[in-house]
Amino acid sequence: MSLQGTDAYRNNDALPVLVRRAVEAARTHGFAYSCRPEQGRLLQVLAAGAPHRVAETGTGCGVGLAWLASGASPATRLISIERDPERARIAADVFHDCDRVEVLQGDWQRIEEYGPYDLLVLDGGGQAKGDGTADPARLLTAGGTVVIDDFTPATTWPPQFNGAPDHSRLHWLQHPGLRAAELRLAADLSVIVGTHLPDS
């Protein structure tokens, strides 16, 4: 989720139908922290390469999930977890006519019930389960992709946060089970994308 992410869709009408629906739901319910368009376009592209299962944590009102669903093939199942019951209900309503999309209410760890995944999107502004509980070996297929969102682009190595090494970011960039890189999506926004290579 991104600060003022919902506002980033103002005057942007060139959106997939599901994305427009989710953005409108976020606006109607005063939810400001939607996935930004820059990230959404990346998710749409990555979802196209996920043949079976996609998962996301931190659904919000469903904007990121809508980008994923807009890119995924008709055979791909998508699951998203939202801990807030009201937001989970709102997002589920956005996808009421999409049989392959399921929004679940609860802690992010519910994704473990349905994995492993070809594509997994973890929210959290860089904190994203960097304590080791989100284990790529458990959650991703061989060659599966993980996306960790909402970083500020790094300008040093090692990356810094508040004047100290950014251990959350380094957790993913140096994870022994991933080949990972940081991608700058805007002047103030980057994500980490990693591929799970079991033999690495």
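Residues numbered from 1 in each chain as written. Predicted model: local features only at pLDDT ≥ 70, side-chain atom pairs only at ≥ 80, totals over all residues. Heavy atoms only, no water.

**Brief notes about the side chain of Ser-190**
Quick note on the threshold: Only DSSP runs of H or I reaching four residues or more are called helices, and only runs of E reaching two or more are called strands; each is numbered from the N terminus. In what follows, residue pairs with any heavy atoms lying within 4.5 Å of each other are defined as contacts.
Among the secondary structure elements, Ser-190 is positioned in strand E9 (residues 189-196). What Ser-190 contacts, discounting residues up to four positions off in sequence, is Asp-149, Asp-150, Phe-151, Thr-152, Pro-153, Arg-169, Glu-182, Leu-183, Arg-184 and Leu-185.

**Topic: the state of the cysteines**
Put simply, the rule reads: Any pair of cysteine sulfurs within 2.5 Å is marked as a disulfide.
In this structure the tally under the stated criterion is zero disulfides. No disulfide involves Cys-61; its sulfur sits 13 Å from that of Cys-35, the nearest cysteine.

**Here's the deal with the packing of aromatic side chains**
Here is the rule we go by: Centres within 6.5 Å are what make two rings of Phe, Tyr or Trp a pair, Trp counting through its six-membered ring; a difference in plane orientation under 30 degrees is then read as stacked, over 60 as edge-to-face, and the rest as tilted. Three labels apply to residues, based on accessible area from a 1.4 Å probe with only protein chains included: buried if under 20% of the type maximum, exposed if over 50%, partly exposed otherwise in between.
In total, this model carries one aromatic pair according to the counting rule given. Taking 5.9 Å as the distance between ring centres and 80° as the angle between the ring planes, the aromatic pair formed by Phe-31 and Tyr-33 counts as edge-to-face. Using a relative accessible area of 9% as the deciding quantity, one classes Phe-31 as buried. Looking at Tyr-33, the relative accessible area reads 38%, which means it is partly exposed.

**Remarks on the sheet that holds strand E8 (residues 178-186)**
For the record, the criterion: In this description, strands pair whenever DSSP reports at least two bridges between them. All axes here are fitted lines through C-alpha atoms, helices being fitted over the stretch that makes contact, and every angle between N-to-C directions spans 0 to 180 degrees.
Taken together, the seven strands give an open sheet; going across it, the order is E3-E2-E1-E4-E5-E9-E8, and neighbouring strands pair in mixed fashion. Of all the strands in the sheet, just strand E3 (101-105) and E8 have a single pairing partner and so form its edges. Across the sheet, the mean angle separating the axes of adjacent strands is 15° when strand polarity is ignored. Of the strand pairs in this sheet, strand E1 (residues 53-57) and strand E2 (residues 77-82) are connected by five bridges, and their pairing is parallel. Bridge pairing in E2 links Ala-55 to Ile-79. The strands that helix H2 (residues 37-48) touches are strand E4 (117-122), strand E5 (140-151), E8 and E9; relative to E8, the one it contacts most, it runs at about 140°.

**Topic: H2**
Test applied: To estimate the expected span of a helix, count its residues, drop one, and scale the result by 1.5 Å.
With 12 residues, H2 ought to run about 16 Å at 1.5 Å a step, and its terminal C-alpha atoms sit 17 Å apart, in line with that. The complete set of buried residues in H2 reads Pro-37, Gln-39, Gly-40, Leu-42, Leu-43 and Ala-47. Close packing links the buried residues of H2 with helix H3 (63-71), E4, E5, E8 and E9.

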